[in-house]
Amino acid sequence: MASEDVVAKTSETAVNTIVNLAEEAKIAREGVKAPSHAFLRICKSLIAGGVAGGVSRTAVAPLERLKILLQVQNPHSIRYNGTIQGLKYIWKTEGLRGMFKGNGTNCARIVPNSAVKFFSYEQASKGILWLYRQQPGKEDAELTPVLRLGAGACAGIIAMSATYPMDMVRGRLTVQTEKSPRQYRGIFHALSTVFREEGPRAVYKGWLPSVIGVVPYVGLNFAVYESLKDWLIKTKPFGLVSEDNELGVATRLACGAAAGTVGQTIAYPLDVIRRRMQMVGWKDAASVVTGDGRTKAPLEYNGMVDAFRKTVRYEGFGALYKGLVPNSVKVVPSIAIAFVTYEMVKDVLGVEMRISD
């Protein structure tokens with residue numbers, strides 16, 4: 001009997017060991033699969049954001065270049081008097097390549113910027129909503145326009161800071177013309193030249209107004225777009241929503257256009273100041289506004305506030321909105337295309353998570 005008990009206990013122990021090992025193996029397999037699935041989802045989301053940024057920015061590249069030229073041109077040597085005249089002048093003097101000058105650098109910046117921005121917005125939305133639901137009585141709360149504004153602001157700051165050196169170099173590549181005393185030959189040549197001649201800090205010139213401007217700009221873009229979509233789905237006006245509660249491409253484009261219009265109008269003066277600060281220290285800059293608006297001395301700004309003061313003092317308040325028209329013509333379709341492209345690419349890649357999740 002004793003030997004039978006020993007055998008029984010041994011068998012039971014062996015069975016338990018095998019079961020435990022099987023459970024541990026299952027847990028280990030699940031643990032490996034989960035991160036793999038999450039990593040794949042992150043990659044798809046980043047790809048969707050990058051494609052959205054590249055497509056939307058290339059579609060409006062000529063207007064983007066004209067906007068920057070209008071922002072920084074010398075008021076005593078006016079070459080660009082408006083959207084139509086400016087585009088005609090670029091075409092006449094520089095041809096098709098001039099229309100897309102700086103777009104390669106712009107896409108090299110905007111693709112990672114857009115990828116990080118959309119992904120950061122999704123993660124920030126989740127984090128902010130989780131914190132909001134920790135409050136008593138808010139357990140079932142949904143994202144509000146204010147919460148979306150906060151998530152968008154966080155996403156904008158992260159994306160802008162991560163890719164700002166590329167933005168600074170893109171501004172200079174876009175402004176230079178065929179008559180510039182020195183030509184930057186490309187992204188890396190421009191970066192190395194700025195590092196060598198102006199120091200590492202130079203690649204973050206204009207960062208502060210950029211960050212301040214990106215808070216209302218990106219924040220409002222996401223808040224207005226997502227809130228408009230939710231409102232349309234809930235109210236279903238004019239038959240704009242399908243039976244499966246989906247918005248058509250045209251309706252989503254309209255939501256994106258409204259979001260872009262609101263955001264860029266509020267943040268535009270900070271974009272002008274950012275561009276002008278980026279020109280400081282570039283002694284071979286061509287056709288850029290001077291610091292005092294009267295002489296041809298190099299640009300000199302002692303900071304964001306000083307740049308605002310000198311711009312308004314010598315050129316008037318309207319100078320803060322130089323290039324607004326081509327920028328508006330550019331931003332409205334650009335933002336709309338970016339949002340719609342992002343969602344369409346995510347659908348193609350099979351990413352189920354919505355931006356507002």
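Our structure is the block above this text.
In this report, we go over the structure that sits alongside the text. A quick note: this is a predicted structure, and the numbers were derived from the prediction, not measured.

1. A few points about the nonpolar core
Counting 36 residues, the largest nonpolar core has Phe118, Leu191, Val194, Phe222 and Phe339 as its most contacted members. Of all the secondary structure elements, the ones that give two or more residues to this core are helix H1 (2-59), helix H4 (103-133), helix H5 (145-175), helix H6 (187-198), helix H7 (207-235), helix H8 (249-279) and helix H10 (324-349). In terms of residue count, H5 provides more of this core than any other element does, eight residues in total. The contact partners of Leu191, leaving out residues within four places of it in the chain, are Pro165, Met166, Val169 and Val203. Counting residues in hydrophobic clusters, the runner-up holds seven residues, among them Ile273, Met277, Met304 and Leu320.

2. As for the packing of helix H2 (residues 61-72) against helix H3 (residues 83-99)
The geometry of H2 relative to H3 is characterised by a closest axis approach of 10 Å and an angle of 115 degrees between their N-to-C directions. When the interaxial angle is binned, H2 and H3 end up roughly perpendicular. Between H2 and H3 the crossing geometry is right-handed. Contacts between H2 and H3 pair Ala61, Pro62, Leu63, Arg65, Leu66 and Leu69 from the former with Thr83, Gly86, Leu87, Ile90, Glu94, Gly98 and Met99 from the latter.

3. A few points about empty space enclosed by the protein
Under the definition given, this model contains three cavities of 30 Å³ or more. Reported here for the largest cavity is a volume of approximately 520 Å³. Arg57, Met160, Tyr217, Asp271 and Arg274 are the residues nearest the centre of the largest cavity, which is lined by 36 residues in total. Listed by contribution, the elements that provide at least two residues to the lining of the largest cavity are H1, H2, H4, H5, H7, H8 and H10. When residues in the lining of the largest cavity are grouped by element, the largest group, seven residues, is from H8. For the lining of the largest cavity, the class distribution of residues is 15 nonpolar, 10 polar and 11 charged.

The rules behind each value
- Residues numbered from 1 in each chain as written.
- Predicted model: local features only at pLDDT ≥ 70, side-chain atom pairs only at ≥ 80, totals over all residues.
- Heavy atoms only, no water.
- Core = buried A, V, L, I, M, F, W, Y, C linked by side-chain atoms within 4.5 Å.
- Buried < 20%, exposed > 50% of the residue type's maximum accessible area, 1.4 Å probe, protein only.
- Helix = DSSP H or I, 4+ residues; strand = E, 2+ residues; numbered from the N terminus.
- Contact = heavy atoms within 4.5 Å.
- Axes fitted to C-alpha atoms, helices over the stretch in contact; angles between N-to-C directions.
- Parallel < 35°, antiparallel > 145°, perpendicular 65-115°, else oblique.
- Left-handed = near helix turned anticlockwise from the far one by under 90°.
- 1 Å grid on protein atoms, 1.4 Å probe; cavity = no way out; pocket = protein on both sides within 12 Å on 5 of 7 lines; lining within 4 Å.
- Points joined across faces, edges and corners; volume = space filled by probe spheres on them.
- Nonpolar A, V, L, I, M, F, W, Y, C, P; charged D, E, K, R; others polar.

Spatial relationships are all this shows, so hold off on functional conclusions.
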